[in-house]
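# Structural description and commentary
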Amino acid sequence: MNNQSHLNDLFEFLRIPSISTDSAHRDDMQRCASWLAAKFTAIGLQPQIHQTPGHPIVTARNAHKTGRPTVLIYGHYDVQPVDPLNLWHSNPFEPKLENGIITARGATDNKGQILAHILGVQEYLAANGELPLNVIFLIEGEEEIGSPHLVPFLREHQRELACDIVAISDTGMLEPGKGTMTYGLRGIACLEITVSGPDKDLHSGIYGGAITNPLTAISRLIATLHDANGKVAISGFYDDVAELEQWEREAWAKLPMKDADILNLTGSPSLAPEKGYSALECTWGRPTAELNGIYGGYQGEGSKTVIPSAAHAKISFRLVPSQDPDNILSLAEQHLQKHCPPGVTLTVTKGHSGAAYRLDPNIGFGKAAQRALSLAFPGKDPALVREGGSIPIVADFKKILGVDTLLLGLALPDARIHSPNETFTVENFEGGIRLNQILLQELAKQ
Ligand code: BES
Ligand code: ZN
């Protein structure tokens, strides 16, 4: 295994600022897709760049043979924005390597992890000349914005993407050296709201007291989303929630991730789990309503005495199995309209969404994945976990392609994904490359 050349590949990949949500980076997205295609060509796979109305999708495959299983390896080359930039200790797109830790935006989520898959294939080919099964890579540039063009792509290319199982490294690893299989992900449903008042910003002295301030109204409205115990107060929100199973609550309590660790990792002054559940259970298996942004009025230095004409908020819901994202968005919209204070008007704009996912980890391919984890990370039993994050396309793989997904993640709890100073350890990069070679072998036996 050529460690230096692998690191060089990763650094090149990380230097491309592929921020999908920011239109200023459109060319970088193209450059990143081309970089991947060139890498696939270099290792002997046949790549294709598929343009979409958004960012390109890259696929690549080996020569398929009948009678062997086909694995589809999914990942994403887009990254989250870097702001607040001033909190980074180094340039987010100039990877830094220090004491075995790589710091850069996308280091873990998801460039390091998807590259570990690609380099696993490269190493396997170097050692054996041929892969033991049929492989399809599917790497998109819009995961971090809700995969708007991947669902239509799956429908259009259903035949070329036919496979027996999907494998993804884009989830967590409980601790260094402990192989982790994620058998459940939360879903997500997003919306934005605008509360409008006067038709222009007003002097808050001249008019204050005569009209409803949109910022006050939006604050009161947002405050109705939770009750005094922190439960979501939207009527019907919990109706379809699949309860946690007793066996999993018991199994999770034995994992080396305690509520004290969660408190530590967040840096928050205290935990605030839903009554009757541990913090871990709340993040992995309970639904939430989260405020992701709220803005309006004067944000600059000092004060400005103004009543803004409008106030805005970005809200997302994390969902658990059996909750339907469209239904949740409708319930939320009804709730917000019903509770909107008088004197302002409310507009609700629904955003992207995706259902939760759950897999029986003991199906044949699941057992194969657990064997691969044990072999790649010896010494510690693999952990079976659910997680709070979302990869919306996973539910669509099941719905459209009819296949299950193995989630074998390498993101350590302190990797700071989506935050400043995101990291990936060289140990996990190399472990991932090792894991993905063994995985090919184990999946081929099915
Ligand atoms: N890699 C994450 C998802 C993840 C992280 C799952 C850690 C489990 C553990 C992925 O890139 C991500 O951030 N997804 C977004 C999806 C959304 C923007 C549609 C998320 O969960 O916020
Ligand atoms: Zn992410």
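Here goes a summary of the coordinates provided. (Residues numbered from 1 in each chain as written. Chains lettered and ligands numbered in written order. Predicted model: local features only at pLDDT ≥ 70, side-chain atom pairs only at ≥ 80, totals over all residues. Heavy atoms only, no water.)

## Quick notes on the overall build of the protein chain
Of the regular secondary structure elements, the protein chain holds 12 helices and 18 strands. Computed over its C-alpha atoms, the radius of gyration of the protein chain comes to 23 Å, within 12% of the 22 Å expected for a compact globule of 446 residues. Reported as C-alpha extents along the three principal axes, the dimensions of the protein chain are approximately 80 × 50 × 45 Å. Out of the 446 residues belonging to the protein chain, those deemed buried represent 55%. Residue pairs in contact within the protein chain that sit at least 24 positions apart in sequence constitute 79% of those at least 6 positions apart. For the protein chain, the exposed surface amounts to about 19200 Å²; the carbon and sulfur share of it is 50%. A gap of 3 Å separates the mean positions of the 37 positive and 50 negative side-chain charges of the protein chain. (Helix = DSSP H or I, 4+ residues; strand = E, 2+ residues; numbered from the N terminus. Rg over C-alpha atoms; globule rule 2.2 N^0.38 Å. Buried < 20%, exposed > 50% of the residue type's maximum accessible area, 1.4 Å probe, protein only. Contact = heavy atoms within 4.5 Å. Areas by Shrake-Rupley, 256 points an atom, 1.4 Å probe, with all protein chains shown as cover. Lys, Arg positive; Asp, Glu negative; His and termini not counted. Charge placed at Lys NZ, Arg CZ, Asp CG, Glu CD.)

## Quick look at the packing of aromatic side chains
One pass over the full model with this rule turns up eight aromatic pairs. Their ring planes at 75 degrees and their centres at 5.6 Å tell us that Tyr74 and Phe397 sit as a pair that is edge-to-face. On the criterion of sequence distance, the pair formed by Tyr74 in strand 3 (residues 70-76) and Phe397 in helix 11 (residues 393-401) is long-range, its members being 323 residues apart. Considered together, Tyr74 and Phe397 belong to a single accessibility category, that of buried residues. On the basis of an interplanar angle of 85 degrees and a centroid distance of 5.2 Å, the ring pair of Phe237 and Tyr238 is categorised as edge-to-face. Given the relative accessible area of 1%, Phe237 is considered buried. We note Lys111 situated over the ring of Phe13; from NZ or CZ to the ring centre the distance is 5.3 Å. Lying over the aromatic face of Tyr238, Lys231 brings its terminal NZ or CZ to 4.9 Å of the ring centre. (Phe/Tyr/Trp six-rings, centres within 6.5 Å; stacked < 30°, edge-to-face > 60°. Lys NZ or Arg CZ within 6 Å of the ring centre and 35° of its normal.)

## Overview of the site of ligand 1
If you check the shell around ligand 1, you find 17 residues, and the closest are Glu143, Asp170, Arg318, Ser390 and His418. A distance of 2.8 Å separates an oxygen atom of ligand 1 from a polar side-chain atom of Glu143. Residue His418 places a side-chain N or O atom 2.8 Å away from an oxygen atom belonging to ligand 1. Protein contacts shield 90% of the accessible area of ligand 1, which totals 520 Å² for the unbound molecule. Here the residues of the shell around ligand 1 sort into three nonpolar, eight polar and six charged. (Near = heavy atom within 4 Å. Polar contact = N/O pair within 3.5 Å; in protein donor to acceptor, adjacent residues only side chain to side chain. Nonpolar A, V, L, I, M, F, W, Y, C, P; charged D, E, K, R; others polar.)

## Some points on the packing of helix 10 (residues 364-376) against helix 12 (residues 426-444)
It is the contact of helix 10 with helix 12, at a shortest axis distance of 9 Å, that shows an interaxial angle of 140 degrees. Like other packed secondary-structure pairs, helix 10 and helix 12 cross with a definite hand, here right-handed. Residues Phe365, Ala368, Ala369, Arg371, Ala372, Leu373, Leu375 and Ala376 of helix 10 form the contact with helix 12, whose own contacting residues are Arg434, Leu435, Ile438, Leu439, Glu442 and Leu443. Classifying every residue of the contact of helix 10 with helix 12 gives 11 nonpolar, no polar and three charged. (Axes fitted to C-alpha atoms, helices over the stretch in contact; angles between N-to-C directions. Left-handed = near helix turned anticlockwise from the far one by under 90°.)

## Brief notes about the nonpolar core
Membership of the largest hydrophobic core comes to 82 residues, with the highest contact counts inside it found for Phe40, Leu72, Tyr74, Phe137 and Phe397. It is helix 3 (residues 107-128) that provides the largest number of residues to this core, a total of nine residues. For Phe40, the contacting residues outside a window of four places in its chain are Leu45, Pro47, Val58, Ala60, Ile118, Phe137 and Ile139. Counting 27 residues, the second-largest nonpolar core is a separate cluster that includes Ala311, Ala313, Leu329 and Leu331. (Core = buried A, V, L, I, M, F, W, Y, C linked by side-chain atoms within 4.5 Å.)

## A few points about the coordination of the zinc ion (ligand 2)
At the metal site, the zinc ion (ligand 2) is ligated by Asp109 (OD), Glu144 (OE), Glu144 (OE) and His418 (NE2), and these contacts range over 2.0 to 2.7 Å. For the zinc ion (ligand 2), the six donor atoms are set out with angles of 53 to 155 degrees between them, so the coordination reads as irregular. The sequence pattern describing where the donors of the zinc ion (ligand 2) fall on their chain is D-x34-E-x273-H. Placement of Glu144 in the loop between strand 6 (134-140) and helix 4 (150-156) and of His418 in the loop between strand 17 (405-408) and strand 18 (423-425) is noted, with a sequence separation of 274 residues between them. (Donors = N, O, S within 2.8 Å, 3.2 Å for Na, K, Ca; no water. Tetrahedral: all angles 85-135°; square planar, octahedral: opposite > 155°, others 65-115°.)

## Some details on the environment of Met257
Position of Met257 relative to the elements: it lies in the loop between helix 6 (246-253) and helix 7 (259-266). For Met257, a relative accessible area of 11% translates into the label buried. Considering only alpha carbons, one finds Met257 and Glu175, 82 residues apart in sequence, at a separation of 8.6 Å. When sequence neighbours within four positions are dropped, the list of residues in contact with Met257 reads Leu174, Ile262, Leu265, Leu280 and Pro413.

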